[in-house]
Structure formats: C-alpha cells, structure tokens
Amino acid sequence: MEYKKLRVIISGGGTGGHIFPAVSIADRLRKVNPETEILFVGAEGKMEMEKVPAAGYEIVGLPICGLQRKLSLKNIAANLKLPFKILSSIRKAGWVIDDFQPDVVIGVGGFASAPLLWAATRRKVPALIQEQNGFAGLTNKILAKRVSSICVAYEGMERFFPAEKIVISGNPIRSDIHKYGPEERLEGLKFYGLSEGCKHLFIVGGSLGSGTLNRSVMDWIEKGCPGGENVEILWQCGRYYKAGVDKFLEEHPCPKVRQTDFIARMDLAYALADVVISRSGASSISEICVAAKAAIFVPSPNVAEDHQTHNAMALVRKDAALMVKDDQARTKLLPTAFQLLGQEDRIRQIERNVARLAKPDAAQTIVDEVYKLV
C-alpha cells in the first residue's frame, strides 16, 4: 500500500482510554508518512487538552460536555445548557473542518467525537470510528450509521454496529509494550528496587488511582499481610490518593510493598510482574494481552453501561484472566492473587490464553483502514 501524505483530524477523549489509542494512531500515521498533518479535536477542560500537546500534537477544544446522569440542581442546570453547547460545538467543528480541509476524520469516542464527525460527514469527508470497549459507547453508536468503517477490539460487536462496516483491529497501545524476557524482568526489578528471589504482584489503579484497589491493599496491610509470604508488591496508588496512602504507610510500614503514585516505566512494571491486578479499561486489557500477563481484573462500577465488566468477561470466558467484583475486592482480591501466585502451572496457562488474544498491530490495522477510505 502507498502511504501518501494525508491531512487527518482525530477527535475524542475525556479519559485515557480514549486518548492513548488516539495518540497511538497518530504516531503510526506519522510513522508511515512523516509528512502527514494531524490535528486533534477534544472537549474544553478535559484531559486531552493537556495530554495531546504533551505527546507533540496540536489540539482544538470544543465547548461540548456530556449528559449528567445523577440528579442534582447543578446537573439539571448543566443539562439545560447541553443543547446549546452541542449546537455551538457543531458550528465550531464545521469551522475547524473548513479551515483544516482534512482528507479523513477519525473518532475515538468521547464527547468531542460526535459534533466533529457529524460536521465532517455532512461535508462528505471520509470518516472512521474506533470503539475500544466490548460494550459500545453512546457516541459511537450514534455515529455508526454516518461513518464508512468501524474498528473494534472485540468479537460480537454486530449487536451495536452494521456488520459490513466492522473491522476487528484491536486497541492501539504504547509502542514499548510487548512480551518480556528474563533480562527485562531483572531490569524491572532493579528499576523498582525489588528482590529477585520473590514472586511479584503489580497493582495498577490508573493515572488517578482506584479507591477500591487502594483500600484492598490497606486492609491487607492492617491485617498483618497474611498469605503474602515470599511476595513483593509494586503498588500504583494514583496521584489523587497519594497523600492519604503516604500517611497510611508511615503509620503501617510494610517492607513487602513498593508504593508509587505514578508508573514511570510501565514496560518494566509489566516485565517484573508474575500477576497483575488492574481495572478493566480497554487500554489496560489490550496492554496485558500483548504483555501476555496473568491478570485479575476488578471492573469499575462507575462507568457507562458497566462496560468494564463486559471487557473483563471477554477474557474470563476464554480462561485468559480472573475477575473479582468491585464490592468483593476488599475481602477476596488479595487472597485470590496470592492463591494464583502459588500456582505456577495456572499462571502459564492464563499467559498462553491471553497471548492468543493480543493484537500488537492494532494501530497499523487502523491506519490501513484510513488509507482504504481515502
């Protein structure tokens, strides 16, 4: 395939699960043709307005916001303003498209995708959307009839989208994530100050952290760290919880635990881990598949349509992961992890099964679909 220079708008965001795949797609577009011009469109005040420029790309913000589902006077007032923000966003999206003149637009889900792709398809600009989760988001379900191609990460998405438009691509992930060998494991242990002769549990709560995962670890420490003999834990608590966790560990020191609010080298954290505990966002699952790690997922209950449970169950049904429900984590999560760490054959079986689900070339598959459209 000839990868000619393109002008591309990538729209969406709101969470890392939308932003990181979008940046991966942009990086691959630039890799196949460094002259390709890329513009991001996000929602004002959302995470993408910081993360995208940090990745080296220009971004324009729309005044769009989501529907507030919890009943309160503040949310009712916000919802009354929503139609006006949608109209304003569609108008601004049209100006952006007319000015940038894209060859193709890509939507990755999130608030900003809807007005941008709506305006683009009205102008007959070729459009593609990427759905990261096993349960389609509202924005992508609305846009499905208007776009030409829909790249998905899971089988069975015909229940949400026209079957003839679906391409199973997987989710784009960071380029440094892959299956790791013994030398990388040793490098990871040295980097994080862990011991070679132990089993290692990596607990990752995401950039902001997970209250459930943090409380589960703290409960275990308060009980005297039962069942964790010969196990060391790398615990990423998230910046939102850092102050409270630091204070807790001052009062309850535990030499088995290395705690950090941020994982500077995710590749080395995966490399050292015998078992991973994680939320089941789409990007996390895709990385764990490519890294071929045995994982225990704790789906977040605070997401639309409970899509993290759908994501996790897609692996659990194929014996490629374990799952503990959020409301059971404080009593079951760490015992489940220690039991799995003691079963070497079981870990190897899960690793083999999860590796079969990996799609390390997802970004390239999506880029090839982009070029087919233009």
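Note that this is a predicted model, so its numbers are computed, not measured. (Residues numbered from 1 in each chain as written. Predicted model: local features only at pLDDT ≥ 70, side-chain atom pairs only at ≥ 80, totals over all residues. Heavy atoms only, no water.)

Focus on the packing of helix H7 (residues 211-222) against helix H12 (residues 329-341)
Let me state the cut-off plainly: Note on definitions: angles span 0 to 180 degrees between N-to-C directions of axes, and those axes are lines fitted to C-alpha atoms, for helices only across the stretch in contact. A run of H or I in DSSP counts as a helix once it spans at least four residues, and a run of E counts as a strand once it spans at least two, with each numbered from the N terminus. Oblique is the label for any angle not covered by the other classes, which are roughly parallel (under 35 degrees), roughly antiparallel (over 145) and roughly perpendicular (65 to 115). By the convention used here, residues are in contact when the closest approach between their heavy atoms is within 4.5 Å. Polar here means any residue outside two lists: the nonpolar Ala, Val, Leu, Ile, Met, Phe, Trp, Tyr, Cys and Pro, and the charged Asp, Glu, Lys and Arg; Gly therefore counts as polar.
Two numbers describe how H7 lies on H12: the axes approach to 8 Å, and their chain directions differ by 75°. In terms of axis orientation, H7 runs roughly perpendicular to H12. Note on element contacts: H12 touches H7 through Ala329, Arg330, Leu333, Leu334 and Phe338, opposite Thr212, Leu213, Arg215, Ser216, Val217, Asp219 and Trp220. Each residue belonging to the contact of H7 with H12 can be placed in one class, and the counts come to seven nonpolar, two polar and three charged.

Thoughts on helix H4 (residues 113-122)
Basically, it comes down to this: Partly exposed residues are those whose accessible area sits between 20% and 50% of the maximum for their type, while under 20% is buried and over 50% is exposed, using a 1.4 Å probe and protein chains only.
When you tally the buried positions in H4, you get seven out of 10 residues, the bulk of the element. Taken residue by residue, H4 has Ser113, Pro115, Leu116, Leu117, Ala119, Ala120 and Thr121 as its buried positions. Within two residues after H4, Lys124 carries a phi angle of roughly 65°, on the positive side.

Notes on the nonpolar core
We apply this condition: Among the buried residues, those of types Ala, Val, Leu, Ile, Met, Phe, Trp, Tyr and Cys that are joined through side-chain atoms within 4.5 Å form a nonpolar core.
Counting residues in hydrophobic clusters, the biggest one holds 63 residues, and the most contacted among them are Ile9, Phe161, Phe202, Tyr270 and Leu315. With six residues, the top contributor of residues to this core is helix H9 (residues 266-272). Setting aside residues no more than four positions away along its own chain, Ile9 makes contact with Leu39, Val41, Val96, Ile97, Phe100, Pro102, Val104, Val105, Ile106 and Leu116.

As for the environment of Gly137
Inspection of the secondary structure assignment puts Gly137 in the loop between strand E5 (127-131) and helix H5 (138-143). Classification of Gly137 by relative accessible area gives partly exposed; the value is 26%. Along the sequence, Gly137 and Gly109 sit 28 residues apart, while their C-alpha atoms lie 7.1 Å from each other.

What to know about the side chain of Thr212
Turning to its location among the elements, Thr212 is positioned in helix H7. Residue Thr212 is classed as buried on the basis of its relative accessible area, which comes to 8%.

Section: the packing of aromatic side chains
The test is simple: In this analysis, rings of Phe, Tyr and Trp, with Trp reduced to its six-membered ring, are considered paired at centre separations within 6.5 Å, and the interplanar angle assigns stacked below 30 degrees, edge-to-face beyond 60, and tilted for intermediate values. A ring is scored as having a charge over it whenever the NZ atom of a lysine or the CZ atom of an arginine sits within 6 Å of its centre and within 35 degrees of its normal.
Scanning all chains against the criterion turns up eight aromatic pairs. Between the aromatic rings of Tyr3 and Tyr371, the centroid separation amounts to 5.0 Å while the plane-to-plane angle is 85°, which identifies the pairing as edge-to-face. On the criterion of sequence distance, the pair formed by Tyr3 in the segment before strand E1 (7-11) and Tyr371 in helix H14 (residues 362-373) is long-range, its members being 368 residues apart. Looking at Tyr371, the relative accessible area reads 8%, which means it is buried. Taking 5.0 Å as the distance between ring centres and 80° as the angle between the ring planes, the aromatic pair formed by Tyr240 and Tyr241 counts as edge-to-face. Each residue in the set Phe135, Phe160 and Phe161 is aromatic and connected to the rest through ring pairs, giving one cluster. Arg7 extends its terminal NZ or CZ atom over the ring of Phe100, reaching a point 4.2 Å from the ring centre. A cation sits over an aromatic face here: Arg174 above Phe20, 5.9 Å from the ring centre.

Looking at the pairing of strand E4 (residues 104-107)
Side chains on a regular strand alternate between the two faces of the sheet. In plain terms, the rule: A pair of strands is labelled paired if DSSP reports no fewer than 2 bridges between them. Seen with its strands pointing away from the viewer, a crossover is right-handed when the path leading from the first strand over the helix to the second is clockwise.
Because side chains alternate across E4, one face comprises the buried residues Val104 and Ile106, and the other comprises Val105 and Gly107, equally buried. In this sheet, E4 lies alongside E1 in parallel orientation, the contact comprising four bridges. Residue pairing across strands places Ile9 opposite Val105, the latter belonging to E4. For the segment spanning E4, H4 and E5, crossover handedness is right-handed.

Observations regarding the packing of helix H10 (residues 282-291) against helix H11 (residues 307-316)
Counted only if it meets this: By the definition used in this description, the sense in which the near helix is turned from the far one sets the handedness, with an anticlockwise turn below a right angle giving left-handed and a clockwise turn giving right-handed.
Axis separation between H10 and H11 bottoms out at 9 Å; the angle between their running directions is 20°. Considered as vectors, H10 and H11 are oriented roughly parallel to each other. Classified by chirality, the crossing of H11 by H10 is right-handed. Contact with H10, carried on its side by Ala282, Ile285 and Cys289, involves Asn311, Ala312 and Leu315 of H11 and no other residues of that element. Of the residues contributing to the contact of H10 with H11, the split by class is five nonpolar, one polar and no charged.

Overview of a nonpolar patch on the surface
As a reminder of what qualifies: Any residue with relative accessible area above 30% and no salt bridge may belong to a patch, with like charges joined within 9 Å and the nonpolar Val, Leu, Ile, Met, Phe, Trp and Tyr side chains within 5 Å. Throughout, the Shrake-Rupley method with a 1.4 Å probe supplies accessible areas, and for residues the shown protein chains are the sole cover considered. The working definition used for a salt bridge is a side-chain nitrogen of Lys or Arg within 4 Å of a carboxyl oxygen of Asp or Glu.
Among the surface-exposed residues, Trp118, Leu138 and Ile142 lie close enough to one another that they form a single nonpolar patch of about 280 Å² accessible area. Position of Ile142 among the secondary structure elements: in helix H5. Looking at Ile142, the relative accessible area reads 47%, which means it is partly exposed.

Re the pairing of E5
Taking burial as the measure, the five residues of E5 include five buried ones, the bulk of the element. Side chains of E5 alternate between two faces, with Ala127, Ile129 and Glu131 and Leu128 and Gln130 buried alike. Summarising the sheet, E4 and E5 pair through three bridges and their orientation is parallel. Bridge pairing in E5 links Ile106 to Leu128. Pairing analysis gives four bridges linking E5 to strand E6 (residues 149-152), with the strands arranged parallel. The partner of Glu131 across the bridge, within E6, is Val152. Regarding the hand of the β-α-β motif, the stretch spanning E5, H5 and E6 is right-handed.

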